[in-house]
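Spelled out from the first residue to the last, the chains are:
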Amino acid sequence: MIDPTSPVPKYSQLREILLDWIEESRLGVDDAVPSERELGVKYGLSRMTVRQTIDHLVAEGKLYRVPGKGTFVARPKIEMSLRLASFTEDMRSRGYVPGARDLARRIVPARGHLARMLGIAPGTPVHHIERLRTADGEPMAVERSNIPLSVAPGLNEHSLSGRSLYQLLEEEYGLLLDSGEQTIEAGICDSTDARLLGLPSASAVLLLQRRSFANGRCAELAISTYRADRYQLHSTLDPQRGSA
Ligand code: 16G
């Protein structure tokens, strides 16, 4: 029930109620949330207050709207792995069937930025591989990998459709990635990635840039676009102790 005497704003109280329904499984994924009018009547709230709560939950990705149909409970987001795992391993460990659709494969000379990031001389040839990554057939990310030709000569002759790149690098080239670094930032997807990911244009995405190394040598620079409506980041935090 809403407590009108509470210092907690009414829209926050309604938010707590709706989140309880979701977390206690009274409302499951894709279940319809009662209409704004029904919620207003049930809790004695104005339509505007109810809308404010629903708008926030939609913006957070907890609910989604279907025009003309109503508001529904969204799927929980996937926690983005912060390990040096392949997409295939990561998806399998979560019970999804990983997939990859080849979008482009070419060999290009690395220009300034790319060459610097890979630690190679400008003009050195690299494999450029673009793939759409899927989980249970649903588009999740567009990945653009750059791998120096010298790291994996002949890689372009191997099909990557439905195959793990990391597994291929290990099996064919004995390449074991042993360290990596990654930057993650918020972004807006361009029209190409929006179309590939099946998102409305200019949707929010997570932009990832990962460098992976084997024996101290950079083996891959991957620039990826991940759906922000399906991924979230989670980390544990240690207290900062003993520093000046
Ligand atoms: C991850 C890596 C990507 C790598 C891919 C290999 C990020 C941002 N990307 O998705 O760099 O190419 O795994 O996956 O983490 P695969 O072995 O399943 O092809």
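Residues numbered from 1 in each chain as written. Predicted model: local features only at pLDDT ≥ 70, side-chain atom pairs only at ≥ 80, totals over all residues. Heavy atoms only, no water.

## Quick look at the UniProt feature "domain: HTH gntR-type" (unreviewed entry) in the protein chain
Right, so step 1: If you check UniProt for "domain: HTH gntR-type" (unreviewed entry), the listed places come out as residues 8–76 in our numbering.
Right, so step 2: Annotated as residues 8–76, this span is 51% helix and 12% strand, and its ends, taken at the C-alpha atoms, are 26 Å apart. (UniProt positions renumbered as here; feature names shortened; annotations may be inferred. Helix = DSSP H or I, 4+ residues; strand = E, 2+ residues; numbered from the N terminus.)

## What to know about empty space enclosed by the protein
Right, so step 1: Counted by the stated rule, this structure contains one cavity of 30 Å³ or more.
Right, so step 2: Here the largest cavity is characterised by a volume of approximately 310 Å³.
Right, so step 3: Lining of the largest cavity is provided by 24 residues; of these, Ala85, Phe87, Glu143, Arg210 and Tyr226 occupy positions nearest its centre.
Right, so step 4: Among the secondary structure elements, those contributing two or more residues to the lining of the largest cavity are α4 (87–93), β5 (125–135), β6 (138–148), α6 (165–173), β8 (204–214) and β9 (217–227).
Right, so step 5: When the residues that make up the lining of the largest cavity are grouped by side-chain class, the tally is 10 nonpolar, seven polar and seven charged. (1 Å grid on protein atoms, 1.4 Å probe; cavity = no way out; pocket = protein on both sides within 12 Å on 5 of 7 lines; lining within 4 Å. Points joined across faces, edges and corners; volume = space filled by probe spheres on them. Nonpolar A, V, L, I, M, F, W, Y, C, P; charged D, E, K, R; others polar.)

## Comments concerning helix α2 (residues 36–43)
Since there are 3.6 residues in each turn of an α-helix, residues three or four apart along the chain are aligned in direction.
Right, so step 1: Glu36, Leu39, Gly40 and Tyr43 are the residues of α2 that are buried. For α2, the angular spread of buried residues about the axis comes to 100°, placing them on one side. α2 presents Arg37 and Val41 as exposed residues on the side facing more than 90 degrees away from its buried surface.
Right, so step 2: Buried residues belonging to α2 abut α1 (10–23), α3 (47–59) and β1 (63–66).
Right, so step 3: Within two residues after α2, Gly44 carries a phi angle of roughly 60°, on the positive side. (Buried < 20%, exposed > 50% of the residue type's maximum accessible area, 1.4 Å probe, protein only. Arc of directions from axis to C-beta. Contact = heavy atoms within 4.5 Å.)

## Considering α1
Right, so step 1: Between the first and last C-alpha of α1 there are 20 Å, a value that for 14 residues agrees with the 20 Å anticipated at 1.5 Å per step.
Right, so step 2: For α1, the complete set of buried residues consists of Ser12, Gln13, Leu14, Ile17, Leu18, Leu19 and Trp21.
Right, so step 3: On its buried face, α1 sits against α2 and α3.
Right, so step 4: Once α1 finishes, Ser25 follows within two positions and takes phi at roughly 60°, a positive value. (Expected span 1.5 Å × (residues − 1).)

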